[in-house]
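# Architecture and fold: a report
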Amino acid sequence: MFALVDANNMYVSCERVFAPRLAGRPVVVLSSNDGACIARSNEAKDLGVKMAQPWFQVRHLERSAGLIAVSANFELYGDMSSRMMAIEARFAPRQEIYSIDESFLDFAGVRGDLVAIGRAMRADVLRETGLPTSVGFGLTKTLAKLANHVAKTADRKPGTYPADLAQVCNFGTLSNNELEQIFAATEVGDIWGVGQRIGARLGDAGVRTVLDLVRCDTATLRKQFSVVLEKTVLELRGTSCMDLDDAPAARHQILVSRSFGKAVTELSGIVEAVSEFAARAAERLRQQDGAAGAVNVFFTTSAFRQNDQQHSASVTVPLIRPTADSRLLVGAAVQAATGAYRTGFNYAKAGVMLVDLQPAGQHQGELDLFADAEEGVKARPRDRAALMQAMDSLNRRFGRDSVRIGSALQVSNSNEVRSWSTRQERRSPRYTTRWDEMPRVRA
Ligand SMILES: [Mg+2]
């Protein structure tokens, strides 16, 4: 049995933990440079604010509807994320961090009432971090993801699904009949891995609900769509085709992570690993013509080696401007890893996650202005893009890592240098990661 645990409106919820006045109000979080809405509270969704909608288009709602906008604070979100993940990891033997606010847990071999376990986990996360989550259980990862959708939607929009499935939903406790009713009430577009385009094509073919899709002939789906869609249907029918660490990419992050074959104890090993992961993530980023606004790096010891001292680190470094330049991304990752590394631990796993993704080229006009602030990378924007293109095509032609970024790239130790020039007029303090920005309590 898999569980998918997902924080509700993660970025907004992080802001609300430290600013209770935001509770119950329509709130949006703006991307780097305050350009677009990258997270919305339920109240903002109800006002009709769309995902990734430019801020200037909804700005009038500040006056007319009390909409509140805050600048993204990725350092805070990254830190809150690692706290949340650590709590979730207590509940199952295996965890896969899927994105900044989602993790899969493998409950194979765990006995007991999963709904009760899910509620306890949800309560612990809420009590220890202040973040509300939704928990979905299913026989396969696709079903767990769908159960999570049901848990979240039943909570947010009463009447859409049975009320007792709100917040924690375990498909395993439902009869076939009940499950079919849920499938019939859910659109194909809500299935994990079925994007808008495929959703529309399925709709044209008369396949509108999850139930319609589950009843399709898999061989036909494979022929007319893809093997991926065939696998999705098999997973919806309860046949597991994806293990942990084996999943379609999340839409708003790029994650590259791996468990080490042998424990890594030296900083140089961690630096080598995160450099490689960051370079690989950057390559994927360029393939989808994107740019990242922040880099999250994490590394952790193994909970299975019970005699080992345990340590997990997760650090998010905001970038001066969103970029797809491997040198800057690798540099940020190395900087983050170097700052968070502690001696004396057997590290078992590391990863790099690119977040705050946006289309590349959105900030072309500002490029030269900041060139000097990005140490070690002084080429003109056009030359940089050409360099990255050349690197990608060499690697395609001669094999991965034929050309690599040297991890010796000199990077400033101070995050301040990296973030000073981003326009983030409404950013909240980095409450949990800076001594001088800690919340103050008057008693
Ligand atoms: Mg979420």
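First things first, this report covers the structure right here in the doc. (Residues numbered from 1 in each chain as written. Predicted model: local features only at pLDDT ≥ 70, side-chain atom pairs only at ≥ 80, totals over all residues.)

### A word on the packing of helix α5 (residues 74-89) against helix α6 (residues 114-129)
The condition that has to hold: Where helices are involved, their axes are fitted lines through C-alpha atoms of the stretch in contact, as for all axes, and angles between N-to-C directions lie from 0 to 180°. Secondary structure elements follow DSSP: runs of H or I no shorter than four residues count as helices, runs of E no shorter than two count as strands, and numbering proceeds from the N terminus. In this scheme, a crossing is called left-handed if the near helix is turned counterclockwise away from the far one by less than a right angle; it is called right-handed if the turn is clockwise. Two residues qualify as being in contact provided that their C-beta atoms, derived from the backbone, are within 7 Å of each other.
The contact between α5 and α6 brings their axes to 10 Å, and the two run at 145°. The two elements α5 and α6 cross, and the hand of that crossing is right-handed. Facing α5, whose interface residues are Met80, Arg83, Met84, Ile87 and Glu88, α6 presents Met121, Asp124, Val125, Glu128 and Thr129.

### Things to note about the nonpolar core
The following threshold applies: Core membership is restricted to buried Ala, Val, Leu, Ile, Met, Phe, Trp, Tyr and Cys residues, and these are joined into a nonpolar core through C-beta atoms within 7 Å. The exposure label follows from counting other C-beta atoms within 10 Å of a residue's C-beta, where the C-beta atoms are placed from the backbone and the thresholds are 20 or more for buried and 12 or fewer for exposed, leaving partly exposed in between.
Counting 113 residues, the largest nonpolar core has Ala3, Val274, Ala278, Val295 and Ala333 as its most contacted members. Here the element with the most residues in this core is helix α13 (residues 267-287); it accounts for 10 residues. Excluding residues within four positions of it along the chain, valine 295 makes contact with Ala278, Val317, Leu319, Leu329, Ala332, Ala333, Ala336, Val352 and Leu354.

### Here we look at the sheet that holds strand β7 (residues 133-138)
The cut-off we apply is this: By this definition, two strands are paired if DSSP reports at least two bridges between them.
Spatial ordering of the open sheet is given by β5-β6-β1-β7-β8, a layout of five strands whose pairing is mixed. Of all the strands in the sheet, just β5 (94-99) and β8 (168-170) have a single pairing partner and so form its edges. Averaged over all pairs of adjacent strands, the angle between their axes in this sheet comes to 15°, without regard to strand direction. Helix α7 (residues 141-156) contacts β1 (2-7), β6 (102-106), β7 and β8 of the sheet and is inclined by roughly 140° relative to β7.

### Some thoughts on helix α1 (residues 10-18)
By the criterion of burial, α1 is predominantly enclosed, with seven of the nine residues buried. Regarding α1, the residues found buried are Met10, Tyr11, Val12, Ser13, Cys14, Glu15 and Arg16. Those residues of α1 that are buried are in contact with β1, β2 (27-30), β3 (37-40), β4 (68-71) and α5.

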